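Coordinate inspection notes
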Amino acid sequence: MSETNFPNRLTEGYENFLSGRFSRERERFEELAEKGQNPQVLLIGCCDSRVSPELIFDAGPGEMFVLRNVANLVPPYQPNDDYHGTSAAIEFAVMGLKVKHIVVMGHARCSGVKAYADLQHDPYIRPLAPGDFIGGWIKLMGPAAENLGTPTEPLQAWSERLALQSVHQSIRNLRSFPYIGTLEARGWLSLHGAYFGVAGGELLALDEADGAFRQVSPKAHRDALGKAPRF
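Presented here is an overview of the structure given in this document. (Residues numbered from 1 in each chain as written. Predicted model: local features only at pLDDT ≥ 70, side-chain atom pairs only at ≥ 80, totals over all residues. Heavy atoms only, no water.)

What about the overall build of the protein?
Formally: Secondary structure is summarised from DSSP: a helix means a run of H or I of at least four residues, a strand means a run of E of at least two, and numbering begins at the N terminus for each. We call a residue buried when its accessible area falls under 20% of the maximum for its residue type, exposed when it is over 50%, and partly exposed in between, using a 1.4 Å probe and counting protein chains only. Contact between two residues is taken to exist if any of their heavy atoms lie within 4.5 Å; hydrogens are not considered. Methods summary: accessible areas were calculated by the Shrake-Rupley approach with a probe of 1.4 Å, and residue burial reflects only the protein chains presented. The positive count covers Lys and Arg only, the negative count covers Asp and Glu only, and His and the chain ends enter neither. To locate a charge, take NZ of a lysine, CZ of an arginine, CG of an aspartate or CD of a glutamate.
Within the protein one finds 10 helices and six strands. Over its C-alpha atoms, taken along the principal directions, the protein stretches across nearly 55 × 45 × 40 Å. Buried residues in the protein amount to 36% of all 231 residues. Restricting the contact set of the protein to residue pairs at least 6 apart, pairs at least 24 apart contribute 65%. Total accessible area on the protein is roughly 13,900 Å²; 55% of this is exposed by carbon and sulfur atoms. Side chains of the protein give 23 positive and 27 negative charges; the mean places of these two sets differ by 4 Å.

Observations concerning the pattern of salt bridges
Applicable threshold: Salt bridges, as used here, are contacts in which a Lys or Arg side-chain nitrogen is within 4 Å of a carboxyl oxygen on Asp or Glu.
Counting across every chain of the model gives 12 salt bridges. Residue Arg175 pairs with Glu184 through a salt bridge whose shortest N-O separation is 2.8 Å. One salt bridge in this structure joins Asp207 and Arg214, with 3.0 Å as the shortest N-O distance. Look at Asp207 and you get partly exposed, because its relative accessible area is 31%. Several salt bridges converge on common partners, so that one network encompasses Arg28, Glu31 and Lys35.

Quick notes on the pairing of strand 4 (residues 190-196)
Here is the rule we go by: In this scheme, strands are said to pair when DSSP sees at least two bridges between them.
Most of strand 4 is tucked away, with five of its seven residues classed as buried. Pairing of strand 3 (residues 101-107) with strand 4 involves seven bridges; the strand directions are parallel. Bridged to Gly106 within strand 4 is Tyr195. Bridging between strand 4 and strand 5 (residues 203-207) involves three bridges; their strand directions are antiparallel. The residue bridging Tyr195 from the neighbouring strand is Leu204, located in strand 5. Linking strand 4 back to strand 5 in an antiparallel pair, the connection comprises six residues, with Gly201 at a positive phi of about 75 degrees.

Focus on the pairing of strand 1 (residues 41-46)
Where burial is concerned, most of strand 1 is hidden: six out of the six residues are buried. Across six bridges, the pairing between strand 1 and strand 2 (residues 64-69) is parallel. The residue of strand 2 that forms the bridge with Cys46 is Asn69. Pairing between strand 1 and strand 3: four bridges, direction parallel. From the neighbouring strand, Val41 faces strand 3, where its bridge partner is His101.

Observations concerning the sheet that holds strand 1
Backbone-to-backbone hydrogen bonds join strands into a sheet, with any given pair of strands oriented parallel or antiparallel. Spelled out, the test is: Only the stretch in contact is used when a helix axis is fitted, and all axes are lines through C-alpha atoms; the angle between N-to-C directions ranges over 0 to 180 degrees.
Pairing is mixed across the open sheet formed by six strands, whose spatial order is 2-1-3-4-5-6. Looking at the sheet topology across the chains shown, the edges are occupied by strand 2 and strand 6 (212-215). Each neighbouring strand pair of the sheet contributes to a mean axis angle of 25 degrees, computed without reference to strand direction.

Focus: the packing of helix 5 (residues 111-121) against helix 8 (residues 155-174)
We apply this condition: Between 65 and 115 degrees an angle is taken as roughly perpendicular, under 35 as roughly parallel, over 145 as roughly antiparallel, and anywhere else as oblique. Crossing handedness: left-handed means the near helix sits turned counterclockwise from the far one by under a right angle, and right-handed means the same turn made clockwise. Residues were grouped as follows: Ala, Val, Leu, Ile, Met, Phe, Trp, Tyr, Cys and Pro as nonpolar; Asp, Glu, Lys and Arg as charged; and all remaining residues, including Gly, as polar.
Close contact between helix 5 and helix 8 brings their axes to 9 Å; oriented N to C, the two are set at 125 degrees. Taken together, the axis directions place helix 5 and helix 8 in an arrangement best described as oblique. Pair helix 5 / helix 8 crosses with right-handed handedness. Where helix 5 approaches helix 8, its residues Val113, Lys114, Tyr116, Ala117, Asp118, Gln120 and His121 are matched on the opposing element by Leu155, Trp158, Ser159, Leu162 and Ala163. Classifying every residue of the contact of helix 5 with helix 8 by side-chain character gives seven nonpolar, three polar and two charged.

Shape is all these values report; function is a separate question.
Given below as structure tokens:
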């Protein structure tokens, strides 16, 4: 098949998949096809091509239900006639698949977060296009930005703080979904926040007891990199 019909890189990757993972795990794929999926985790991540949840968590087929959007944002519960792709995926994972965990994972150097930070720094910046979708979408970071206050440090540092605070806000928005609040109160569903450092591979997890993000498996990370974490 020519690249006019399908990208060569994807064809090559598919061929590697067939000769590698698919061959090794064929029974697993057949089982998933016959019995359906039963993931325990819904992971809400960013569309950024550098941050693949399946790679980061070494997940096999059927293990995670992954929802990716610009800047890993969760809107508040707002049933109306608009299109709600993110909310629909959340509803399907929770009510249809009955996942036990929801993880909102932000990441370092997020372009969506930077776009919002740039707008805060210079309110004269125009949207990407008249009525653009990204400009409206990243407004969901507004409450998180308000919690941080006006930037007093270099914009990049403030952007990283905003990325973390946005994870907090997305978890708050998740709890605005009535069924999520009910399931969490009954102990049937747990909500988690995470943050991935692209350059160094560090993973932070949110401790809601004090609102801090702490490194996951620091010893394993040190052993892998042979040096102290960097962010």
